[in-house]
Amino acid sequence: MDKFLIQGGQKLEGEVRISGAKNAALPLLAATILADSPIRISNMPNLRDVNTLVKLIAGLGVAIEYAGDTVTADTSTLNNQFAPYDLVKTMRASILVLGPLVARYGEAKVSLPGGCAIGSRPVDQHLKALEALGAHIEVENGYVHAKVDGRLKGGEVIFDMVTVGGTENILMAATLADGVTTIRNAAREPEITDLANMLIKMGAKIEGLDTDTLVVTGVESLHGCDYAVVADRIETGSYLAAAAITGGRVRTTHTDPALLECILDKFEEMGAEVTRGEDWIELDMQGKRPKAVSFRTLPHPDFPTDMQAQIMAVNAIGRGFATISETIFENRFMHVPELSRMGANIQVEGNDAVVTGVEKLSAAPVMATDLRASFSLVLAALAAEGETLIDRIYHIDRGYEHIEAKLQGIGAKIKRVSG
Ligand code: UD1
């Protein structure tokens, strides 16, 4: 199993090119199922999760090719609507094929994603919403079997909580339903707007982009198009955090400051100088120790749960103390014991944590537990005295493209070791 060996203490400086967003790439791939002519999506990040979904869609009989940063898909050969457990279990986002399959083919059998390291994460909202559009749903032997006679019928969907995947699934399904669907309490993450923009390019009729109410007027068919995945705001924030924690200066390019204003505000509160360009962001910590900053994770446009672990790591060496409340997921503080092994002072009570900054972290063997938690350990290692070994980095490969090369490019001493 691969590990990272990181020699801490380098002030990171330079440029990092940001990849396409994993969390946009996955729903865009699922949406290819809706198109009745070939579709081409570029700026695809080369990640394990993307490869998993490509494999799953290929298993449906779709002629799907992934070369360079581009995926092309042609659904004319699709011959089954079955997503098996062995693929779905490795990635929760596989459930995103459910809506498109029922909408276009009237039937789908998709494995339940099962448990996940960061909380129980059910899919009840996805299923309830599809039922509201007339799908008949049965859950049997770990599989969701959804069926509809003819087309789905437009309807009113009110989510009990803000769900990113639920909103995406039903948005895709509604594009081919008969009539108008109103989705209330919809998630407003930029990746949802990216999906809506591609669906519109495919011929869908969607109003209310960037708001919590999406109105979809169903059409009979959708066609292929050319589309580029939006920049990854979480990857952007993660590399800016690398500058903050090492007192360095990093410019992220091929990104968009408008996607992560809330995170940039936090960096400014830390005392960093943040400069925004049209498609770049530079963070200069000027060799200073950041001030610890408090925050609460909430749905977009508030502070994203996917940046919680990374900013906690920066706080660990911050001046003063900060409180962090995780309101989206239960059990998303698994990085805390690992950061503590490196000398961080963090007290957890339920979904709240108090971080009291220490002047220096020290190297220790640690273990990655989930995708974003893994990056927080990389950050801590970059700032720590000594050489840190991070185990189980397969979690990182799910969501950070070319991470060693990107970090080495800004002066980090990181290498991948196997065994
Ligand atoms: C997506 C992101 C993930 C991010 C999360 C929250 C992708 C591929 N993943 O995950 O990186 O951390 O949004 O921004 O885009 N819930 C239910 N029932 C449901 C659906 C969700 O109870 O049917 C709960 C979940 O357990 C969780 C909360 O709602 O507590 C939010 O989950 P959701 O927004 O659906 O997250 P994902 O789409 O899985």
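Structure: see above.
Described in the following lines is the structure provided in the data block. (Residues numbered from 1 in each chain as written. Predicted model: local features only at pLDDT ≥ 70, side-chain atom pairs only at ≥ 80, totals over all residues. Heavy atoms only, no water.)

1. Some remarks on the side chain of T253
Put simply, the rule is: In DSSP terms, a helix is any run of H or I states spanning at least four residues, a strand is any run of E spanning at least two, and both are numbered starting from the N terminus. Buried, partly exposed and exposed residues are distinguished by accessible area as a fraction of the type maximum, computed with a 1.4 Å probe on protein chains only: under 20%, between the cut-offs, and over 50%, respectively. The contact definition used throughout considers only heavy atoms, calling two residues in contact when any of these lie within 4.5 Å.
Position of T253 relative to the elements: it lies in strand β15 (residues 249-253). Judged by its relative accessible area of 11%, T253 is buried. Each residue touching T253, except ones within four places of it in the same chain, is listed here: E15, V16, R17, I18, D279 and W280.

2. Describing the site of the ligand
Stated formally: In this text, near means that some heavy atom of the residue lies within 4 Å of the molecule or strand in question. Here a polar contact means two N or O atoms within 3.5 Å. Within protein one must be a hydrogen donor candidate and the other an acceptor candidate, and residues neighboring in sequence count only if both atoms are side-chain atoms. The protein chains shown are the only cover counted for residues, whose accessible areas, like all others here, come from Shrake-Rupley with a 1.4 Å probe. Asp, Glu, Lys and Arg are counted as charged, while Ala, Val, Leu, Ile, Met, Phe, Trp, Tyr, Cys and Pro are counted as nonpolar; the rest, among them Gly, fall into the polar class.
Around the ligand, the structure places 19 residues, and the nearest of them are D124, Q125, V164, D306 and I328. P122 is positioned with one of its backbone polar atoms (N or O) 3.2 Å from an oxygen atom of the ligand. In this structure, I328 approaches the ligand through a main-chain N or O atom, which is 2.7 Å from an oxygen atom. Contact with the protein chains removes 86% of the 750 Å² of surface that the ligand exposes when unbound. Of all the elements in the fold, those that place two or more residues in the shell around the ligand are α1 (22-31), α5 (124-132) and α6 (164-175). Ranked by residues supplied to the shell around the ligand, first place goes to α5 with 3 residues. Here the residues of the shell around the ligand are counted per class, giving 8 nonpolar, 6 polar and 5 charged.

3. Some details on the packing of aromatic side chains
Inclusion rule: Pairs were defined over the aromatic rings of Phe, Tyr and Trp, the Trp ring being its six-membered one, requiring ring centres within 6.5 Å. Orientation was assigned from the angle between planes: stacked under 30 degrees, edge-to-face over 60, tilted for the rest. Over a ring means this: the NZ of a Lys or the CZ of an Arg is within 6 Å of the ring centre and within 35 degrees of the ring normal.
Evaluated as defined, the whole model comprises 4 aromatic pairs. Grouped by ring-pair contacts, the aromatic residues Y239, F375 and Y400 constitute a single cluster. Above the plane of the ring of Y143 lies K109, whose end atom (NZ or CZ) is 5.4 Å from the centre. Over the ring of W280 we find R251, and its NZ or CZ is 3.8 Å from the ring centre.

4. Concerning α5
Listed in full, the buried residues belonging to α5 are Q125, H126, L127, A129 and L130. Tucked inside the fold, the buried residues of α5 contact α4 (98-105), β8 (136-140), β9 (143-147), β10 (156-158) and α6. G134 lies just past α5 and shows a positive phi near 95°.

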